[in-house]
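Each chain, letter by letter, is given below.
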Amino acid sequence: MLRNPKSLVILGFLLATCSIVCAQGLKGEYFPNMTLNGQPALTRIEAVNFSWGGASPGGPVAADGFSVRWTGSITVPVTGDYVFSTQTDDGVRLWVGPDLIINNWSDHSSTLNTSTPIRLRAGEPVGIKLEYYENGGDAIVQFFWSGPGITQQAVPESVLSPTYKACNPKPADGTVGVSAPLLEWSAGPTAMFHNVYVGTDPNLTEADRWATWQPLPLALYYHVPGFTPGATYYWRVDEIEKDGITTHTGDVWSFVAQGLTAYYPTPVDTGSSPSTEPALTWMPGLGATQHHVYFGTDADAVAQGAGTTDQGLFALADTVFEPGTLDPLTTYYWRVDQIATGGAIMAGPVWSFTTALPIDGFEEYNDDDNRIYDAWIDGVVNNTGSYVGYESSSEGTFGETTIVHGGSQSMPLDYNNVDAPYYSEAEREFASAQDWTAGGGTTLVLYVRGAYTNGPARVYVTVEDSSGKMATVPYPDPGITTWSEWAEWKIPFAELSGAGVNMARVKKLYLGAGNKANPEPGSAGLIYVDDICVVK
Ligand SMILES: [Ca+2]
Ligand SMILES: [Ca+2]
Ligand SMILES: [Ca+2]
């Protein structure tokens, strides 16, 4: 078990350094209409200095009939009077703090609008909201300032901040092997106070609050004695404005403290391996010189270091063990002992994982006789909005070779629901019916990843059995297409067999975006799929 960090004592050192500013620019949200309505089709961080002409501003946004809202704050370098102006085609309105200082919300050709002077104080962030729409023809939006020593020019991203949240965590989010128990971050631009939460569960609660109402400067440090070696910690900093009420809840960050013995196994302990050819990895603990690995299907034999489980010694830099091809839906046990200077052995804990029944890990596809789009039929053949693989091959495949969940390939699946038939799907038919229940399989698992430039879309899986019975399961959150990280998607067989599909006779698998039963115009984008498998 992990130690409850509440029991740790905070020595509590908070040091001021120079004012490190969080990610720079404003947050731009692009809407596929002229009224800033609904979900943004595109979100990005940027300064506002665009002359798009007759072109689209990017991503799925059309060249005409869109609107944008930029939000965040500005921090001026010198106290004084500042004048803001906008050059736009078409409509614009600008707020600085609570005040609407430019308002020309109408169709017009490129026009300069200028505010009256506003007194701003150095180092004190002020909220910015800039709204804009483009009707037709050319599109221009530029955000200028002038002030003490500054002639009229585009407001640079260095004085803009898109967020009020804490940022720049150190250790960086996801760092493994943290040995110095020091937490650092940069404050949000309007923060006066900070609530700090640290725990071993990602769902941080009030019980995990370490510090309250810390009136701190912009760059912050917490010194924390004695992390539990090898444990994963989650932390979050909530920023509170000077009214003491307005709170900007931070993102949850994590890190793994360095272990005293081998630690941080992958697959995670008691987890699963989507592949039956896994690479087992670990991190060396403090003072390791080499490792001794044990592996097998008998937990007791691994715990005792029986000869049948002995995989020999591994050099310090060689923290990978590849056991070869394993049986599907089988639990394996392994142990990594650490050998210290002088030969002392520090036995590791016995870890376990269970293999899945792989359905498609996309590893076998090439650019010759086994092309990914020949296995996964796309819109070129089925006339939906899908496109599987890339236009041209690289590294011997039309698949994706950088953004992968497992192995060295995943499937890029382009969807375009802007045009009829307003849904996009790829389909794979198995040569013979597959028994997904063999060996005790109960759940279909796949991994899906999007990108922030994508439009939101309902992603779905359809399974069809050998008698033509089909069932469709959508991912619960249409935002999944906009997440730039892998989402694990588990579909219990009951959701499919409940609709009459015989999971012992699976003939076809479909992956799609949109709603085939009730198609409506939607967005476009590119998602990745990997490690489709069945688990117990
Ligand atoms: Ca226009
Ligand atoms: Ca236009
Ligand atoms: Ca793969």
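Please read all numbers here as calculations on a predicted model, not as lab measurements.

How each quantity is defined
Residues numbered from 1 in each chain as written. Chains lettered and ligands numbered in written order. Predicted model: local features only at pLDDT ≥ 70, side-chain atom pairs only at ≥ 80, totals over all residues. Helix = DSSP H or I, 4+ residues; strand = E, 2+ residues; numbered from the N terminus. Buried ≥ 20, exposed ≤ 12 C-beta atoms within 10 Å, placed from the backbone. Contact = placed C-beta atoms within 7 Å. Domains from an automatic or database assignment. Pairing = 2+ DSSP bridges. Axes fitted to C-alpha atoms, helices over the stretch in contact; angles between N-to-C directions. Core = buried A, V, L, I, M, F, W, Y, C linked by C-beta atoms within 7 Å.

Caption draft 1: Fine view of the environment of Tyr373. By the secondary structure assignment, Tyr373 is in helix H2 (residues 372–375). By the C-beta count within 10 Å, which is 20 here, Tyr373 ends up buried. Taking the C-alpha atoms as reference points, Tyr373 and Gln290, separated by 83 residues in sequence, lie 45 Å from one another. Setting aside residues no more than four positions away along its own chain, Tyr373 makes contact with Asp378, Val388, Gly389 and Phe398.

Caption draft 2: Structural detail: the domain arrangement of the chain. Considered domain by domain, the chain is made up of domain 1 (26–161), domain 2 (165–257), domain 3 (283–355) and domain 4 (359–535). The gap between the C-alpha centroids of domain 3 and domain 4 is 36 Å.

Caption draft 3: Seen up close, the sheet that holds strand S38 (residues 470–474). If you walk across this open sheet you meet the four strands as S35-S40-S37-S38, and the pairing is antiparallel. Of all the strands in the sheet, just strand S35 (423–434) and S38 have a single pairing partner and so form its edges. On average, each strand axis in the sheet is inclined to that of its neighbour by 15°, with strand direction left out of account. Of the strand pairs in this sheet, strand S37 (residues 459–465) and S38 are connected by five bridges, and their pairing is antiparallel. What sits directly across from Tyr460, in S38, is Pro474.

Caption draft 4: Region of interest: the pairing of strand S26 (residues 288–296). Two strands pair when backbone bridges link them, and S26 and strand S29 (residues 331–340) are joined in this way by eight bridges, in the antiparallel orientation. Opposite Phe295, over in S29, you have Trp334 as the bridge partner. With four bridges connecting them, S26 and strand S27 (residues 310–315) associate as antiparallel partners. Counted as the bridge partner of Tyr294 is Asp310 from S27.

Caption draft 5: Quick look at the sheet that holds strand S28 (residues 320–321). What the three strands build is an open sheet, ordered S23-S25-S28; its pairing is antiparallel. Of all strands in the sheet, those with a lone pairing partner are strand S23 (263–266) and S28, marking the two edges. Of the strand pairs in this sheet, strand S25 (residues 280–283) and S28 are connected by two bridges, and their pairing is antiparallel. Note on S28: the bridge partner recorded for Leu280 is Phe321.

Caption draft 6: View of the nonpolar core. Ranked by size, the top nonpolar core spans 43 residues in total, and within it Ile372, Met411, Leu413 and Val529 carry the most contacts. Elements with a contribution of two residues or more to this core: strand S32 (357–360), H2, strand S34 (411–416), S35, strand S36 (443–449), S37, strand S40 (506–514) and strand S41 (524–535). Top element by residues in this core is S41. It accounts for seven residues. If we skip the residues at most four places from it in the chain, Leu413 touches Ser386, Val388, Ala426, Leu511, Ile527 and Val529. Within the second largest apolar cluster, 32 residues are counted, among which are Tyr233, Tyr264, Phe295 and Phe353.

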